[in-house]
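Coordinates in review
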Amino acid sequence: MFAVIRTGGKQYRVAPEDIIEIEKIAGQPGDIVQLGEVLLLGGDGSPKSGSPTISGASVAAEVLEQKRDDKIIVFKKKRRQGYRRTKGHRQALTALRITEILTDGKKPSKAAAKPAPKKAETKPAPKAEAKPAAKAPAKKAAPAKKAETKAPAKKAPAKKAATKAPAKKAAAKKAAPKKKS
């Protein structure tokens, strides 16, 4: 069985045990949320659609985590005006696991959500042990390389620019007297 739901101004096709990322909704990890805007139900015979939603139908989901999406860069420019603006944006998201699709005004059962937290608890433990060891050596080596590469690059272009300017002026002065005589 599947359903098409609307949340955050977008529509999602979901089935039980699907994991989706939607725009942020209230809830802590492990909470059960009920999404009531079901637009279409399908899977058992012909699909059933609502106008605009199906009354009594809802989708129960468990909140896995609250997180933020990757940064996008918003760049505005008006040519020939010297107008440039750069901003970044990170969208707040909620990761959900669909537990069940409910019809006829039923309420979500809490038994469907209990197996899910066991999987989430085992994943973060190995990551926490590996991160502290990798961070300490990387910080010592990085600053020394950056300082060496920046200093010579700034001095070289300044000398070249100073030597080219007098050569052009001298050539222009010599050309002028030849034309007059």
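Residues numbered from 1 in each chain as written. Predicted model: local features only at pLDDT ≥ 70, side-chain atom pairs only at ≥ 80, totals over all residues. Heavy atoms only, no water.

1. A closer look at the overall build of the protein
Counting its secondary structure elements, the protein contains two helices and ten strands. A burial count over the protein gives 20% of its 181 residues as buried. Sequence separation of 24 or more characterises 64% of the internal contacts of the protein that already satisfy a separation of 6 or more. Of the accessible surface of the protein, which amounts to about 14,000 Å², a share of 56% is contributed by carbon and sulfur atoms. (Helix = DSSP H or I, 4+ residues; strand = E, 2+ residues; numbered from the N terminus. Buried < 20%, exposed > 50% of the residue type's maximum accessible area, 1.4 Å probe, protein only. Contact = heavy atoms within 4.5 Å. Areas by Shrake-Rupley, 256 points an atom, 1.4 Å probe, with all protein chains shown as cover.)

2. Considering the sheet that holds strand E5 (residues 38-42)
Here we have four strands laid out as an open sheet, ordered E2-E1-E5-E6, and antiparallel in their pairing. For this open sheet the edge positions go to strand E2 (10-14) and strand E6 (48-49), each flanked by a neighbour on one side alone. In the sheet, strand E1 (residues 2-7) pairs with E2 via five bridges, with the strands oriented antiparallel. By the bridge assignment for E2, valine 4 is matched with arginine 13. (Pairing = 2+ DSSP bridges.)

3. Section: the pattern of salt bridges
Should their charged atoms come close, side chains of opposite charge can pair. All told, the structure shown has four salt bridges when counted by the stated rule. Between glutamate 62 and arginine 97 there is a salt bridge, and its shortest N-O distance comes to 3.9 Å. Linking glutamate 62 in strand E7 (residues 58-68) with arginine 97 in strand E10 (residues 92-102), this pair joins segments that are 35 residues apart in sequence. In this structure glutamate 62 comes out as buried when scored by relative accessible area, which is 3%. (Salt bridge = Lys/Arg side-chain N within 4 Å of Asp/Glu carboxyl O.)

4. Comments concerning the environment of glycine 27
With respect to the element layout, glycine 27 can be found in the loop between strand E3 (19-23) and strand E4 (32-35). The exposure class of glycine 27 is partly exposed, given its relative accessible area of 22%. Sequence separation between glycine 27 and glutamine 66 is 39 residues, and the spatial gap between their C-alpha atoms is 8.3 Å. Beyond its immediate sequence surroundings of up to four residues, glycine 27 is in contact with Val63 and Gln66.

5. Points about the confidence of the model for the protein
The predicted model of the protein has a mean per-residue pLDDT of 77, with 61% of residues at 70 or higher. Taken as a whole, residues 116-128 scores under 50 in pLDDT and shows three contacts with residues more than four places along the chain or in a different chain. (pLDDT = per-residue confidence, 0-100.)

6. Details of the nonpolar core
One broad rule of soluble globular proteins: the nonpolar side chains tend to lie buried together. Ala3, Ile5, Val14, Val38, Leu41, Val59 and Leu96 are the most contacted members of the largest nonpolar core, which has 18 residues in total. Ignoring any residue separated from it by four or fewer positions in sequence, one finds alanine 3 in contact with Tyr12, Arg13, Val14, Val38, Leu40, Leu41, Val59 and Ile101. (Core = buried A, V, L, I, M, F, W, Y, C linked by side-chain atoms within 4.5 Å.)

7. Digging into the side chain of threonine 94
Looking at the secondary structure, you find threonine 94 in strand E10. Of note is the side chain of threonine 94, whose polar atom sits 2.7 Å from the side chain of glutamine 66. In this structure threonine 94 touches Ile20, Glu21, Ile22, Glu23, Lys24, Ile25, Val63, Glu65 and Gln66, once residues within four positions along its chain are discounted. (Polar contact = N/O pair within 3.5 Å; in protein donor to acceptor, adjacent residues only side chain to side chain.)

8. Re the sheet that holds E3
Sheets are built from strands paired through backbone hydrogen bonds, the pairs being either parallel or antiparallel. Strand order across the open sheet formed by four strands is E3-E10-E7-E4, with antiparallel pairing between neighbours. Whereas interior strands pair on both sides, the edge strands pair on one side only; in this sheet they are E3 and E4. Shown here is a sheet whose adjacent strand axes are inclined to one another by a mean of 45°, direction ignored. Inspection of the sheet shows E4 paired to E7 by four bridges, in the antiparallel sense. Across the sheet, residue glutamine 34 finds its bridge partner in E7, namely alanine 60. (Axes fitted to C-alpha atoms, helices over the stretch in contact; angles between N-to-C directions.)

9. Some remarks on the side chain of glutamate 100
Mapped onto the fold, glutamate 100 is located in strand E10. Here glutamate 100 is buried and forms no salt bridge, its nearest opposite-charge partner lysine 106 lying at an N-O distance of 8.4 Å. For glutamate 100, the side chain forms a polar contact with the main-chain nitrogen of serine 109, separated by 2.7 Å. (Lys, Arg positive; Asp, Glu negative; His and termini not counted.)

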